[in-house]
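Residue-level structure breakdown
Listed below are the residues making up each chain.
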Amino acid sequence: MSLDTAKSCIDWIFNNIPEYASGGVEVAFIGGEPLLEFELIKKIFEYTTKKYLNIPKIFFATTNGTCLTNEMKEWFTAHKQCFWLGLSLDGTRETHNHNRSNSFDSIDFDFFLKNWNLQEIKMTISEYSLSRLAKNIKFVHSLGFNNIGGVNLAEGCFDWEGDEHIRTLIPQLSELVDFYVKNDNIQVNKMLDKHLGLCQVKNNNQQKWCGIGKNVTFFDTDGKRYPCPYITPMTFSKNDLNILANADYDNDENFLDDCSSSCYIYPLCPTCYGANYHHNKSFKVRNKTRCRIQKLIALFSADLHAKRIAKNSTPYEERGIYDTIEAIKKIKLLYLSEFEKFFTTALP
């Protein structure tokens with residue numbers, strides 16, 4: 001992206017802030033690896049902070065951490081209050097190097113811990129790392145990172161519904177439940193830390209999963225505007241992009257699929273509307289190939305929270321402990337029998 005194009009994008013963002021965005025604006029840089037364009041990022045930051053001085057804002061980029069120079073570290077440290085870096089880290093040296101081209105030893109973990117110790121770590125689960133999930137998560141915690149946010153199944157690479165993946169995942173989730181119950185001072189990773197009580201609050205089922213086209217806007221390198229980072233010419237044809245450009249993103253009804261009314265764990269099960277349209281030509285028809293694995297994760301999340309409540313219920317008062325307990329009971333009632341046949345072979 002040229003600097004002039006970037007300035008035009010920034011001007012559009014700050015001249016089109018919706019009324020409900022009273023908290024301000026987040027300007028996020030994505031790649032590939034965004035820090036390959038460090039000089040451009042600095043210029044965009046300087047332009048934005050000088051021109052839009054009185055509008056609350058924060059800048060953010062997710063990085064693999066491999067190209068951080070001393071100059072970059074000095075600059076980011078100086079601006080760490082308003083520019084946050086998130087780190088992609090898939091676990092131990094062995095796992096991370098397998099997933100990310102032997103880059104583990106290039107990461108300065110202390111730099112991230114010192115400057116943004118509350119920021120989430122992003123972890124991607126590959127077919128290789130699935131059988132090492134518990135070890136990888138515990139290792140990242142051992143480095144000092146308390147907040148492991150995005151623990152995401154790799155997109156478009158594997159059939160996550162296969163029995164072999166269910167059998168592999170069960171002992172990993174069981175080990176993590178034991179770990180988080182024993183270490184209740186550690187923040188549970190986002191895969192297992194489900195807000196179960198939402199399943200009991202029916203009104204929460206009837207809303208979009210993300211801010212696509214409404215409070216999210218994406219600009220491609222040529223400055224063209226799209227409703228989200230998934231919906232770009234890299235993924236869609238010109239005809240599809242024209243249709244998507246004219247969709248009504250303000251109307252949540254255009255995005256609610258049958259799961260919103262028929263699935264109990266709908267509030268816990270994320271979906272990507274761009275991916276839905278890509279595969280099914282509709283925002284309202286989701287790809288359900290991960291249904292079973294999401295039910296399994298919800299089941300272990302229920303087990304974890306039941307044990308944590310029994311140990312110390314105080315942290316759950318703010319979540320609504322009654323709804324949480326009712327959701328635990330319902331999830332076990334709905335899904336436990338579906339996986340019992342796997343437990344005898346998958347667990348020691």
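The notes below deal with the structure included here. (Residues numbered from 1 in each chain as written. Predicted model: local features only at pLDDT ≥ 70, side-chain atom pairs only at ≥ 80, totals over all residues. Heavy atoms only, no water.)

A closer look at unusual backbone geometry
At the junction of Gly 31 and Gly 32, the peptide bond is cis and its omega measures out at 5° in the coordinates. Tracing the sequence through the fold places Gly 32 in the loop between strand E1 (25–29) and helix H2 (38–51). Despite not being glycine, Asn 102 shows a phi value in the positive range, around 55°. With respect to the helices and strands, the residue Asn 102 is situated in the loop between helix H4 (93–99) and helix H5 (109–115). Backbone geometry places Lys 281, a non-glycine residue, at a positive phi of 60°. In this fold, Lys 281 is placed in the loop between helix H10 (273–280) and helix H11 (291–311). (Helix = DSSP H or I, 4+ residues; strand = E, 2+ residues; numbered from the N terminus.)

Section: the nonpolar core
Counting 84 residues, the largest nonpolar core has Phe 76, Phe 83, Leu 85, Leu 133 and Ile 331 as the members making the most contacts within it. When neighbours within four sequence positions are excluded, Phe 83 is seen to be in contact with Phe 29, Ile 41, Phe 45, Phe 59, Phe 60, Ala 61, Trp 75, Phe 76 and Trp 116. If you look at the next biggest cluster of nonpolar residues, it comprises 16 residues, including Ile 231, Phe 236, Tyr 277 and Phe 283. (Core = buried A, V, L, I, M, F, W, Y, C linked by side-chain atoms within 4.5 Å. Buried < 20%, exposed > 50% of the residue type's maximum accessible area, 1.4 Å probe, protein only. Contact = heavy atoms within 4.5 Å.)

Looking at the layout of surface pockets
Approximately 210 Å³ is the volume attributed to the second largest pocket. When the residues that make up the lining of the second largest pocket are grouped by side-chain class, the tally is three nonpolar, three polar and four charged. (1 Å grid on protein atoms, 1.4 Å probe; cavity = no way out; pocket = protein on both sides within 12 Å on 5 of 7 lines; lining within 4 Å. Points joined across faces, edges and corners; volume = space filled by probe spheres on them. Nonpolar A, V, L, I, M, F, W, Y, C, P; charged D, E, K, R; others polar.)

Describing the packing of helix H1 (residues 3–15) against H2
At a minimum axis separation of 10 Å, H1 and H2 run at an interaxial angle of 40°. Classified by the interaxial angle, the pair formed by H1 and H2 is oblique. The crossing of H1 and H2 is right-handed. When H1 is examined against H2, the residues Leu 3, Ala 6, Lys 7, Ile 10, Asp 11 and Phe 14 are found in contact with a partner set consisting of Leu 40, Lys 43, Ile 44, Tyr 47, Thr 48 and Lys 51. In the contact of H1 with H2, the residues fall into seven nonpolar, one polar and four charged. (Axes fitted to C-alpha atoms, helices over the stretch in contact; angles between N-to-C directions. Parallel < 35°, antiparallel > 145°, perpendicular 65-115°, else oblique. Left-handed = near helix turned anticlockwise from the far one by under 90°.)

Some remarks on the environment of Asn 276
Note on placement: Asn 276 falls in helix H10. The exposure class assigned to Asn 276 is buried, which follows from its relative accessible area of 2%. Distance from Asn 276 to Met 234, taken between C-alpha atoms, is 16 Å for residues 42 residues apart in sequence. For Asn 276, the side chain forms a polar contact with the side chain of Thr 271, separated by 3.1 Å. (Polar contact = N/O pair within 3.5 Å; in protein donor to acceptor, adjacent residues only side chain to side chain.)

Structural notes on the sheet that holds strand E4 (residues 121–125)
Pairing is parallel in the open sheet, where five strands are placed in the order E1-E2-E3-E4-E5. The open sheet terminates on both sides in strands that have one partner only, identified here as E1 and strand E5 (148–153). Put simply, the sheet's adjacent strands are angled 25° from each other on average, direction ignored. (Pairing = 2+ DSSP bridges.)

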